Amino acid sequence: INYIFANWLEISFGAIFYSVIRKRSGRPIALFAALLLVANPVLFAHSTFAYTNLPYTIFYVIGIIYLYTAIIKNRLDYLLMSSLLIGISTWARSAEPLWLTEILIVLIYAFYKKSLYPALVFLLPLLIIQQPWNIFQARLYGQALSTGGQLSLIPMILSAGVDFRRFLDVSLYIYKNIIQSWGPIFAIFLI
């Protein structure tokens, strides 16, 4: 059942990705881009096993796509959809607080629009979805694994300093596992 769900999730992701690209380009380009996405070896591999990587990635990326569309088209309904998807992504995988980036983007957007309304439309649903899960996890695993516990570690990490040798390690990892393994598909995605 998990395998079937993961495959349908990937197909849905491809369809949503196609529809977003199709609105900005022709059908052949949108079909080619969607084909590249669903044929991506890493994404396809994640659809074959039962980890939270694929659902998290799909909810998060579609949430970002809706956020981008909301800002470009000035549409609050897309902003609400983005908020719901980003909130659901934290239920699939909450170890990484990447959702803070979207909050920062929405706050900058609200400041730019000189209106608190976009921030409320985004933040309220996100927090209504996310906070019960954070409370549950904090009670189950302790505060250190919750997002609040992770954020409280930031001052300690910053005071330890930055190890620039790790940048080389991370760069090598990205080269070996993304750039080299994807081959020409990586260049096409950059374009």
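Refer to the preceding data block for the structure.
Residues numbered from 1 in each chain as written. Predicted model: local features only at pLDDT ≥ 70, side-chain atom pairs only at ≥ 80, totals over all residues. Heavy atoms only, no water.

### Observations concerning the overall build of the chain
- Each helix and strand counted, the chain has 11 helices and 0 strands in total.
- If you list the helices and strands of the chain from N to C, you get α-α-α-α-α-α-α-α-α-α-α.
- For the chain, buried positions account for 32% of its 191 residues.
- Partitioning the contacts of the chain with sequence separation of at least 6, the portion at a separation of at least 24 is 63%.
- Accessible surface, the chain as shown: approximately 12300 Å² in total, 74% of it carbon and sulfur. (Helix = DSSP H or I, 4+ residues; strand = E, 2+ residues; numbered from the N terminus. Buried < 20%, exposed > 50% of the residue type's maximum accessible area, 1.4 Å probe, protein only. Contact = heavy atoms within 4.5 Å. Areas by Shrake-Rupley, 256 points an atom, 1.4 Å probe, with all protein chains shown as cover.)

### Things to note about helix H10 (residues 165-182)
- Taking 1.5 Å of rise per residue, the 18 residues of H10 would be expected to cover 26 Å, and the 25 Å separating its terminal C-alpha atoms lies within 8% of that figure.
- The largest bend along H10 measures about 35 degrees and falls at Tyr175.
- Of the residues flanking the end of H10, it is Gly183, one or two places downstream, whose phi is positive at about 65 degrees. (Expected span 1.5 Å × (residues − 1). Bend = angle between axes of the 7 residues up to and from the residue.)

### Structural notes on the packing of helix H4 (residues 53-73) against helix H6 (residues 99-113)
- Contact pair H4 / H6: the axes reach a minimum separation of 11 Å and the direction vectors enclose 5 degrees. The orientation of H4 with respect to H6, classified from their angle, is roughly parallel. In this structure, H4 uses Tyr60, Ile64, Leu67, Ala70 and Ile71 to contact H6, whose residues at the interface are Trp99, Glu102, Ile105, Val106 and Tyr109.
- The residue makeup of the contact of H4 with H6, split by class, is 9 nonpolar, no polar and 1 charged. (Axes fitted to C-alpha atoms, helices over the stretch in contact; angles between N-to-C directions. Parallel < 35°, antiparallel > 145°, perpendicular 65-115°, else oblique. Nonpolar A, V, L, I, M, F, W, Y, C, P; charged D, E, K, R; others polar.)

### Here we look at unusual backbone geometry
- One non-glycine residue, Asn74, lies in positive phi territory at about 55 degrees.
- The exposure class of Asn74 is partly exposed, given its relative accessible area of 44%.
- Despite not being glycine, Lys114 has its phi angle at roughly 55 degrees, a positive value.
- Note on placement: Lys114 falls in the loop between H6 and helix H7 (117-141).

### Structural notes on the nonpolar core
- In this structure, Leu79, Ile86, Ile103, Val106, Phe122 and Leu126 are the most contacted members of the largest nonpolar core, which totals 17 residues.
- Where this core is concerned, the elements lending two or more residues are H4, helix H5 (76-92), H6 and H7.
- Among the elements that line this core, the one with the most residues is H7, at 5 residues.
- Excluding anything up to four places from it in sequence, Ile103 contacts Phe122, Leu123 and Leu126.
- Of all hydrophobic cores here, the second largest spans 14 residues; its members include Phe17, Ala34, Leu43 and Ile62. (Core = buried A, V, L, I, M, F, W, Y, C linked by side-chain atoms within 4.5 Å.)

### Focus: the packing of aromatic side chains
- Per the counting criterion, the structure on display carries 4 aromatic pairs.
- Where Tyr56 meets Tyr60, the ring centres are 5.6 Å apart and the plane angle is 15 degrees; that geometry is what we call stacked. Placement of the pair is Tyr56 and Tyr60 together in helix H4, with a separation of 4 residues, close to one helical turn.
- Under the relative-accessibility criterion, Tyr56 is labelled buried at 9%.
- Between Trp91 and Trp133, the ring centres sit 4.9 Å apart and the planes meet at 25 degrees, which makes this aromatic pair stacked. Of this pair, Trp91 sits in helix H5 while Trp133 sits in helix H7; the two residues are 42 residues apart in sequence, bridging distant segments of the chain.
- An aromatic cluster of at least three residues, connected via ring pairs, comprises Trp91, Trp133 and Phe136. (Phe/Tyr/Trp six-rings, centres within 6.5 Å; stacked < 30°, edge-to-face > 60°.)

### Describing the packing of H5 against H7
- For the pair H5 and H7, the least separation of the axes is 8 Å and the interaxial angle reads 20 degrees. One finds that H5 runs roughly parallel with respect to H7. Relative to H7, the crossing made by H5 is right-handed. The segment H5 lies against H7, with Leu76, Leu79, Leu80, Ser82, Ser83, Leu84, Ile86, Gly87, Ile88, Thr90 and Trp91 engaging Tyr117, Pro118, Val121, Phe122, Pro125, Leu126, Ile129, Gln130 and Trp133.
- When the residues that make up the contact of H5 with H7 are grouped by side-chain class, the tally is 15 nonpolar, 5 polar and no charged. (Left-handed = near helix turned anticlockwise from the far one by under 90°.)

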